[in-house]
Amino acid sequence: EIRPYLNLVAIDGTMCMLGVPPNSLQLHAFDVIGRRRSLAGSLIGGMPETQEMIDFCAEHKILPDTELIPASYVNKAMYNLAHGHNDASRY
């Protein structure tokens, strides 16, 4: 059932589904058009593909480049992301 999740999406928001759901989806058109929502999807992100990527990285010693920020910096980090001040970072 997608409706409860779709109702969490803000006006003009987008819900992105990764992978293929196990069952077909039923969608009420007004849940999308009534609040100008979008529904997008990608085959990338399914469990088998994710596990394959993790195994590949482990085998080749590919590690993430991470940055730990204090909680007091979260608002500044979100501002920077929203305004494109640091294209290399994803928090």
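Residues numbered from 1 in each chain as written. Predicted model: local features only at pLDDT ≥ 70, side-chain atom pairs only at ≥ 80, totals over all residues. Heavy atoms only, no water.

### Topic: the overall build of the protein
Here is step 1 of the chain: On a plain count of helices and strands, the protein comes out with four helices and two strands.
Here is step 2 of the chain: Ordering the α and β elements of the protein from the N terminus gives α-β-α-β-α-α.
Here is step 3 of the chain: Referenced to the eigenvectors of the C-alpha coordinate spread, the extents of the protein come out at roughly 45 × 35 × 20 Å.
Here is step 4 of the chain: Counting the 91 residues in the protein, one finds 16% classified as buried.
Here is step 5 of the chain: When the accessible surface of the protein is summed, it comes to about 7,900 Å², and 59% of that surface belongs to carbon and sulfur atoms.
Here is step 6 of the chain: The distance from the centre of the 7 positive side-chain charges to the centre of the 10 negative ones in the protein is 12 Å. (Helix = DSSP H or I, 4+ residues; strand = E, 2+ residues; numbered from the N terminus. Buried < 20%, exposed > 50% of the residue type's maximum accessible area, 1.4 Å probe, protein only. Areas by Shrake-Rupley, 256 points an atom, 1.4 Å probe, with all protein chains shown as cover. Lys, Arg positive; Asp, Glu negative; His and termini not counted. Charge placed at Lys NZ, Arg CZ, Asp CG, Glu CD.)

### Overview of the side chain of Asn-80
Here is step 1 of the chain: Turning to its location among the elements, Asn-80 is positioned in helix α4 (residues 74-82).
Here is step 2 of the chain: The buried category is assigned to Asn-80, whose relative accessible area is 11%.
Here is step 3 of the chain: In this structure the side chain of Asn-80 is engaged in a polar contact, spanning 3.4 Å, whose partner is the side chain of Tyr-73.
Here is step 4 of the chain: Filtering out sequence-adjacent residues up to four positions away, Asn-80 remains in contact with Tyr-73, His-85 and Asn-86. (Polar contact = N/O pair within 3.5 Å; in protein donor to acceptor, adjacent residues only side chain to side chain. Contact = heavy atoms within 4.5 Å.)

### Quick word on the environment of Ile-44
Here is step 1 of the chain: Note that Ile-44 resides in the loop between β2 (38-42) and α3 (47-59).
Here is step 2 of the chain: Spatially, the C-alpha atom of Ile-44 lies 9.5 Å from that of Met-17, the residues being 27 residues apart in sequence.
Here is step 3 of the chain: Look past the residues within four positions of Ile-44 in its chain and what remains in contact with it is Leu-18 and Gly-19.

### Describing a nonpolar patch on the surface
Here is step 1 of the chain: Taken together, Val-74, Met-78 and Leu-81 make up a surface patch of nonpolar side chains, about 240 Å² in accessible area.
Here is step 2 of the chain: Its place among the elements puts Val-74 in helix α4.
Here is step 3 of the chain: A residue is classified by how much of its surface remains accessible, and Val-74, at 38% relative accessible area, is partly exposed. (Patch = residues over 30% accessible without salt bridge, like charges linked within 9 Å, V, L, I, M, F, W, Y side chains within 5 Å. Salt bridge = Lys/Arg side-chain N within 4 Å of Asp/Glu carboxyl O.)

### Let's talk about the nonpolar core
For soluble globular proteins, nonpolar side chains are generally found buried alongside one another.
Here is step 1 of the chain: Formed by Ile-2, Leu-6, Val-9, Met-15, Met-17 and Val-32, the largest nonpolar core amounts to six residues.
Here is step 2 of the chain: Discounting residues that sit within four places of it in the chain, Ile-2 has contacts with Met-15, Met-17, Leu-25, Gln-26, Leu-27 and Leu-39. (Core = buried A, V, L, I, M, F, W, Y, C linked by side-chain atoms within 4.5 Å.)

### Looking at unusual backbone geometry
With the exception of glycine, the majority of residues adopt a negative phi angle, and the majority of peptide bonds are in the trans configuration.
Here is step 1 of the chain: A positive phi angle, close to 65°, is found at Asp-12, a residue other than glycine.
Here is step 2 of the chain: Assignment of secondary structure puts Asp-12 in the loop between α1 (3-6) and β1 (14-18).
Here is step 3 of the chain: Positive phi is not limited to glycine here, since Arg-36 has a value of about 55°.

### Remarks on α3
Here is step 1 of the chain: If you check α3, its first and last C-alpha atoms are 18 Å apart, about what 13 residues at 1.5 Å a residue would give, namely 18 Å.
Here is step 2 of the chain: Directly after α3, the chain includes Lys-61, whose backbone phi takes a positive value near 55°. (Expected span 1.5 Å × (residues − 1).)

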